[in-house]
Amino acid sequence: MLLISAPSKQQLKGVLELTPAPQPIVSKDDIAVASTKGATWEFSAERGIFPTKLQMTDSETLYTKYTWEDRLHSKKLSSYRLYRKGNGTLQLLSDGPVATIIRGQAHYLGTEVAEPPELGELPKATYDWYFFKNSPLVYVDLHQSASTGFLWDGTHFMEWNFKEKYFSGFLSNGMKAPRPLVDNNERTPSTTGWAALTSDKDAVAMIRDGVTIYDGVSGFGNYIRPREPSVNQVWDGNQRRLSAWLWASTYSSTSQLSSELNRASKIVSSRFAESNAKVVPNDNDLNISSLLSSAQAKDVASASWVRELVHYQGITEIPATWQFAKSGDLGIVLDVQESGAELVSLFDLKTNRELTDASAAPLFSVEMFSPSEGGVIALDASRRWGNVKFENSSTGLSLLFDDSEDVEGVSVEINALANNEDSSWTWSITIGNK
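An account of the accompanying structure is given in this report. As a convention, each chain's residues are numbered from 1 in the sequence order in which they are written. Residue-level local features of this predicted model are given only where pLDDT is at least 70; pairs of side-chain atoms are given and counted only at 80 or more, and the full residue set underlies all totals for whole chains, interfaces and linings. Only heavy atoms go into the side-chain values, all of them from the structure, while hydrogens and water stay out.

Turning our attention to the sheet that holds strand β6 (residues 51-56). Spatial ordering of the open sheet is given by β4-β5-β6-β7, a layout of 4 strands whose pairing is antiparallel. Each edge of the open sheet carries a strand with a single partner, namely β4 (31-35) and β7 (62-63). Bridge count for β4 against strand β5 (residues 39-44) is 5 bridges, and the pairing is antiparallel. The residue bridging Val33 from the neighbouring strand is Glu42, located in β5. Two strands qualify as a pair provided that DSSP identifies no fewer than 2 bridges between them. Helix numbering and strand numbering both begin at the N terminus, where a helix is a DSSP run of H or I of at least 4 residues and a strand a DSSP run of E of at least 2.

This paragraph deals with the environment of Leu261. Mapping Leu261 onto the fold places it in helix α1 (residues 254-271). Of the residues examined, Leu261 reaches a relative accessible area of 0% and is grouped as buried. Measuring from C-alpha to C-alpha, the distance between Leu261 and Ala205 comes to 8.2 Å, with 56 residues separating the pair along the chain. Residue contacts are counted whenever heavy atoms from the two residues lie within 4.5 Å of one another. Sequence-distant contacts of Leu261, that is, excluding residues within four places in its chain, are made with Trp194, Ala196, Ala205 and Trp247. Think of it in three bands: residues with accessible area under 20% of the maximum for their type are buried, residues over 50% are exposed, and the middle band is partly exposed, with areas taken using a 1.4 Å probe on protein chains only.

We now examine the sheet that holds strand β26 (residues 340-348). Strand order in the open sheet formed by 4 strands is β24-β25-β26-β27, with antiparallel pairing between adjacent strands. With partners counted over all chains shown, the strands left at the sheet margins are β24 (322-327) and β27 (353-354), one partner each. Pairing of β26 with β27, which is carried by 2 bridges, proceeds in the antiparallel orientation. Paired with Asp348 across the two strands is Arg353, which belongs to β27.

Another aspect to go through is the environment of Ser411. You can see Ser411 is positioned in strand β32 (residues 410-419). Between the C-alpha atom of Ser411 and that of Thr430, which follows or precedes it by 19 residues, the distance is 8.3 Å. Contact partners of Ser411, with chain neighbours within four places excluded, come to Trp385, Phe401, Asp402, Thr430, Ile431 and Gly432.

When a protein is soluble and globular, its nonpolar side chains tend to lie buried together. As used here, the term nonpolar core means buried Ala, Val, Leu, Ile, Met, Phe, Trp, Tyr and Cys residues forming a set that is joined through side-chain atoms within 4.5 Å. Among the nonpolar cores identified, the biggest contains 69 residues, and Leu54, Tyr127, Trp129, Met158, Trp160 and Leu246 are the most heavily contacted of them. Looking at this core, the element that brings in the most residues is strand β21 (residues 202-215), giving 7 residues. Leave out the neighbours within four places in its chain, and Leu246 touches Trp41, Trp68, Trp129, Pro136, Leu137, Val138, Val140, Met158, Trp160, Ala205 and Met206. Counting 27 residues, the second largest nonpolar core, distinct from the first, contains Met368, Phe401, Val407 and Ile429.

This brings us to the side chain of Thr250. By the secondary structure assignment, Thr250 is in strand β23 (residues 240-250). Among the residues examined, Thr250 registers a relative accessible area of 16% and is labelled buried. Between N or O atoms, a polar contact is any pair within 3.5 Å; within protein, one atom must be a potential hydrogen donor and the other a potential acceptor, and residues adjacent in sequence are included only when both atoms are from side chains. In terms of polar contacts, Thr250 uses its side chain to reach the backbone amide nitrogen of Ser59, at 3.4 Å. Only 3.0 Å separates the side chain of Thr250 from the side chain of Asp202, close enough to count as a polar contact. When sequence neighbours within four positions are dropped, the list of residues in contact with Thr250 reads Met56, Asp58, Ser59, Lys201 and Asp202.

So, on to unusual backbone geometry. A positive phi is found at Met158, a non-glycine position, where the angle reads about 50°. Structurally, Met158 is set in the loop between β15 (154-156) and β16 (160-162). Under the relative-accessibility criterion, Met158 is labelled buried at 0%. Despite not being glycine, Ser423 has its phi angle at roughly 50°, a positive value. When you line up the elements, Ser423 lands in the loop between β32 and β33 (424-433).

Glancing now at the environment of Ala32. Examined against the element boundaries, Ala32 turns out to sit in strand β4. Residue class for Ala32 comes out buried when judged on its relative accessible area of 12%. Ala32 has contacts with Trp41, Glu42, Phe43 and Ile102, leaving out every residue within four places of it along the chain.

Counting buried positions along β23 gives 10 out of 11 residues, so the element sits mostly inside the fold. Summarising the sheet, strand β14 (residues 137-145) and β23 pair through 8 bridges and their orientation is antiparallel. The partner of Val140 across the bridge, within β23, is Ala244. In this sheet, β23 lies alongside β21 in antiparallel orientation, the contact comprising 6 bridges. Among the inter-strand pairings, Ala205 is bridged to a residue of β23, identified as Trp247.

Let us now look at the side chain of Asn87. As for its position among the elements, Asn87 is in the loop between β10 (78-81) and β11 (89-95). A distance of 3.0 Å separates a polar atom in the side chain of Asn87 from the backbone oxygen of Leu82. There is a polar contact of 2.9 Å between the side chain of Asn87 and the backbone oxygen of His107. Leave out the neighbours within four places in its chain, and Asn87 touches Gly48, Ile49, Arg81, Leu82, Ala106, His107 and Leu109.

Our next topic: the packing of aromatic side chains. Each pair of aromatic rings taken from Phe, Tyr and Trp, with Trp reduced to its six-membered ring, is defined by centres within 6.5 Å and is described as stacked if the planes are under 30 degrees apart, edge-to-face if over 60, and tilted in the remaining cases. As enumerated under the stated definition, the model contains 31 aromatic pairs in all. Measuring from ring centre to ring centre gives 5.3 Å for Tyr80 and Trp152, while their planes differ by 70°; the resulting arrangement is edge-to-face. Placement of Tyr80 in strand β10 and of Trp152 in the loop between β14 and β15 is noted, with a sequence separation of 72 residues between them. Tyr80 sits in the buried class, given a relative accessible area of 3%.

Here we take up the pattern of salt bridges. By definition here, a salt bridge exists when the distance from a side-chain nitrogen of Lys or Arg to a carboxyl oxygen of Asp or Glu is within 4 Å. Within the structure shown, the criterion is met by 11 salt bridges. With a closest N to O distance of 3.6 Å, Arg71 and Glu159 form a salt bridge. A residue pair is termed long-range when its members are at least 10 positions apart, and Arg71 in strand β9 (residues 71-74) and Glu159 in the loop between β15 and β16 qualify at 88 residues. Each member of the pair, Arg71 together with Glu159, is buried. Ionic pairing is found between Arg384 and Glu405, a salt bridge with its closest N-O pair at 3.6 Å.

Following this line, the structure appears as structure tokens:
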């Protein structure tokens, strides 16, 4: 966000460089560390794709005696797990001022040396962990895939199991005080919004529409996990995406903890709500060749990109207002209307992966201070412009926003230079005040 106070007829310029971070593969001897506002999380490449240590920033309590029981279960084949020593690879995708993003990829492993032939290649999981530096929140994005249509009888996702009695109680958004964990090997009723395991000073929580806590530290353990997908919910091997939010920090009182988790839950639901996703049409109801043909007219030749647009946007045809551009292996789609423009897609054409969230932030937002009126006027790229022009060329793209309905004489020009060798864009913004 830019905070701007400009006299009449003065132009303000700035340059934003958006380039991918180096992506080193973490070797088996390496440790990957990510910090949030409330805790430090540590991965050991030798021990798999899940965090192996958690240390709270304020209390300095170190948590190590826990496991992640994420697995697929078959009544015929038993359980196939991810949390195995040496299973998978870790990759640092990004480490910037906002977040550290770590990707873990692994196969679900059974106990047999020779895998049943009906499985084909073992099912695969890709976990992207987003550690936000100015918040105790951690976002976990899972993509599951399999080479065959084998029917699994159940899925365990983000089942965080503590073997040590670190926590004495649990709290949810409907409770005034934590209830004690009494080691009775029972599940608590699923909550809505959020639920937390609590000690006298620390808490780990999960924010999702339905959270289950299991009370059994002397047996299987104390675990916290999302209610959905149900452990009895079948999976047919088709590519599937699951997500959850974690929260870990020290707290001073129950009211303060509840207040922070309620606030975090509102942020998650308002900015990243899964309910914002549109209904995906059935493949039988789509004419993919027709969609691809209309996309090719806009210089898009990737069938995978078109299918992802169908999945994320719920379209049955390419809208006339969508503008496509590429920089190396990085594709972008903008919805350019007369009154504004929005980001539709940022797509990795090499790995065939959509990079945007369902609720993308505006291309820009500007706050203009008026000394005469003594107030701040907010503008963004998405609405209330009299005219928006888009141009695309071999060197990049540009957008001109003119005739603001909120501030007379203001225009905004965005230029994105395509760095084809690096598959990135260098963005610049010029704000005119006539």
